[in-house]
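Below, each chain spelled out in residue letters.
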Amino acid sequence: MSGCEANFDGLVGPTHHYAGLSFGNEASTKNQNAVANPRLAAKQGLLKMKALADLGFAQGILPPHERPHLSTLRKMGFGGSDREVLTKAQAYSPRLLSSLSSASAMWVANAATVSPSADSADGRVHFTVANLNNKFHRAIEAETTSAILRATFHADKYFAHHDALPQVAALGDEGAANHNRLCGAYDKPGVQVFVYGRDGLVKDGNEPVRYPARQTRLASDAVARLHQLDEKRTVFIQQNPHAIDSGVFHNDVISVSNANVLFHHEQAFVNSGKALDEIRKKMAALELDFQPIEVPQSKVSLDDAVATYLFNSQLLSKTDGKMMLVVPEESRQHAGVWAYLSALKDSGGPVDQIEVFDLRESMRNGGGPACLRLRVALNRNELNAVNVASLVSDSQFTRLNTWVDTHYRDRMQAKDLADPQLLTEVRTALDELTNILGLGAIYPFQR
Ligand SMILES: N=C(N)NCCC[C@H](NC(=O)CCC(=O)O)C(=O)O
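Residues numbered from 1 in each chain as written. Predicted model: local features only at pLDDT ≥ 70, side-chain atom pairs only at ≥ 80, totals over all residues. Heavy atoms only, no water.

Digging into the nonpolar core
Counting 120 residues, the largest nonpolar core has L11, F159, F263, I279, L325, V376 and W403 as its most contacted members. Sorting elements by how many residues they give to this core places helix 17 (residues 420-437) first, with eight residues. Residues L165, L171, F194 and A219 belong to the second largest nonpolar core, which totals eight residues. (Core = buried A, V, L, I, M, F, W, Y, C linked by side-chain atoms within 4.5 Å. Buried < 20%, exposed > 50% of the residue type's maximum accessible area, 1.4 Å probe, protein only. Helix = DSSP H or I, 4+ residues; strand = E, 2+ residues; numbered from the N terminus.)

With respect to empty space enclosed by the protein
To find leftover empty space, a probe the size of one water molecule is rolled over the atoms. All chains considered together, the criterion is met by seven cavities of 30 Å³ or more. The volume enclosed by the largest cavity comes to roughly 230 Å³. Counting only elements with at least two residues in the lining of the largest cavity, the list comes to strand 6 (179-182), strand 9 (255-258) and strand 15 (373-378). Classifying every residue of the lining of the largest cavity by side-chain character gives 10 nonpolar, four polar and four charged. (1 Å grid on protein atoms, 1.4 Å probe; cavity = no way out; pocket = protein on both sides within 12 Å on 5 of 7 lines; lining within 4 Å. Points joined across faces, edges and corners; volume = space filled by probe spheres on them. Nonpolar A, V, L, I, M, F, W, Y, C, P; charged D, E, K, R; others polar.)

So, the site of the ligand
Around the ligand, a shell composed of 22 residues is seen, among which L21, S22, S28, H137 and D252 lie nearest. Interatomic distance of 3.0 Å between a backbone N/O atom of G20 and an oxygen atom of the ligand. Contacts to the ligand include H137, whose side-chain N or O atom sits 2.7 Å from an oxygen atom. With the chains in place, 100% of the 480 Å² that the ligand exposes on its own is no longer accessible. More than half of the atoms of the ligand fall within 2 Å of the grid points belonging to the second largest cavity. (Near = heavy atom within 4 Å. Polar contact = N/O pair within 3.5 Å; in protein donor to acceptor, adjacent residues only side chain to side chain. Areas by Shrake-Rupley, 256 points an atom, 1.4 Å probe, with all protein chains shown as cover. Sits in = over half its atoms within 2 Å of the grid points.)

Observations regarding unusual backbone geometry
Residue R67 is joined to P68 through a cis peptide bond whose omega torsion reads -5 degrees. With respect to the element layout, P68 can be found in the loop between strand 2 (59-62) and helix 3 (70-75). At A259, a residue that is not glycine, the phi angle is positive and equals roughly 50 degrees. Here A259 lies in the loop between strand 9 and strand 10 (261-265).

A word on the sheet that holds strand 6
If you walk across this open sheet you meet the three strands as 6-7-8, and the pairing is mixed. This sheet does not close on itself; its edge strands, each paired only once, are strand 6 and strand 8 (234-238). Each adjacent strand pair in this sheet contributes to an overall mean axis angle of 20 degrees, direction not counted. Where strand 7 (residues 191-196) lies against strand 8, five bridges are found, and the strand directions are parallel. Bridging from a neighbouring strand, Y196 pairs with Q238 of strand 8. On top of the sheet, helix 8 (residues 217-226) reaches strand 7 and strand 8; it is set at about 155 degrees to strand 7, its chief contact. (Pairing = 2+ DSSP bridges. Axes fitted to C-alpha atoms, helices over the stretch in contact; angles between N-to-C directions. Contact = heavy atoms within 4.5 Å.)

Re the environment of K50
Relative to the helices and strands, K50 resides in helix 2 (residues 38-54). Exposure remark for K50: the relative accessible area of 17% places this residue in the buried category. Separated by 171 residues in the primary sequence, K50 and D221 place their C-alpha atoms 36 Å from one another. Ignoring any residue separated from it by four or fewer positions in sequence, one finds K50 in contact with D394 and F397. A distance of 3.3 Å separates a polar atom in the side chain of K50 from a polar atom in the side chain of D394.

Overview of the sheet that holds strand 1 (residues 4-10)
The strand order across the open sheet formed by three strands is 2-1-15, and the pairing between neighbours is mixed. Both edges of this open sheet fall to strand 2 and strand 15, since each of them pairs with a single strand only. Recorded for the sheet is a direction-independent mean angle of 30 degrees between the axes of neighbouring strands. Where strand 1 and strand 2 come together, four bridges link them in parallel fashion. Within strand 2, the residue paired with D9 across the bridge is I61. Helix-sheet contacts for helix 2 involve strand 1, strand 2 and strand 15, and the interaxial angle to strand 2 is about 155 degrees.

Observations concerning the side chain of H227
Considering the arrangement of structural elements, one finds H227 in the loop between helix 8 and strand 8. According to the relative accessible area criterion, H227 is buried, its value standing at 0%. Not counting residues up to four positions away in its chain, the partners in contact with H227 are T113, V114, S115, S120, A121, H126, F127, T128 and H162.

Dropping the structure here:
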């Protein structure tokens, strides 16, 4: 198969903690105030990256953001020295400081939507940074995400970068977590599938009632337009509001695609049969055979899917033509889900290997294997144009692992965030990291 799918994983930042900031994400709510271990979190993520790189997959890394986010605090009127800003913000509202200190940028499936060059009219890879408008702690990610993506994929000839959509609820955009692509070879035209939770402009009675629908159709349409996609090869599907109300706050908690396979839960979409038919027809026009793997509610309930993150998995093509599913340890711990996975592996279908990773630190905030990675399908020239130090090699892994050991604390709670020493530690670490990754000045404090 020509071309490749490179996975760029977000590295967990030094202020990783459990703040209960994401209403609608049940793990986030459940684990509010638990004690986090940023060092362990970063190392769990690095181990996944290393393991996949060792298996021969193209693996990249995206750095964490600067937190606490002093520039937002200053914009909100907290003045004086950095130390004073932190003290005043903590006195005003510990929850505000916590929101502006979240390490949520680790979940880079929400960093941007990416369309490969084979699908875009101008023949370039398009990136639109997600505005993450539904959550305050995430809406502040866009600016640094944009700087990071532009530094990582910097050749204009190959890569087109779009800023985040305007920061309004009607244009709520959560990036690649609500986007799938079905294809044959990664560098040949495919069918892009955008999944949205609500319209954005009008209420049609199909919205969830308990939890927010973060992604709007208005935003998905805008991204498809920006990426110069052909409507004959684009599909828009509404996410099942009942699934959102059950804790499926992003579509990647209930479905994942790779090549011509869509692994999904039976209750993932509104009018599922019609949606799958449209994908099938549009793929057939490209002479591609669509292979959906639909998991029935009777085998894995929505609640179990949310609790185990079975679908927040990475589906990866191996050189032998078969696929491997990368799942979190929580999927192995659940007898019913593990029985389903064992049967899937032995079914004679496309998936014949299951790999399990311990990502507990991230999982406790609702971030599984797929949340931690941004898929970028590339042809050979494009892969060669990626900032080389952003690719995970043995030597980069060793440097990064040592960097984490040197700079990260092994315990973090909201009350630690006002410590001015923490800000110094973060800035020292990030300054060093931009050197390791050769990214230049990407953080506000470096400018
Ligand atoms: N499904 C994907 N692609 N990403 C998962 C994102 C998890 C993230 N959690 C948080 O932001 C929790 C932070 C806290 O509560 O401390 C979110 O809800 O946006």
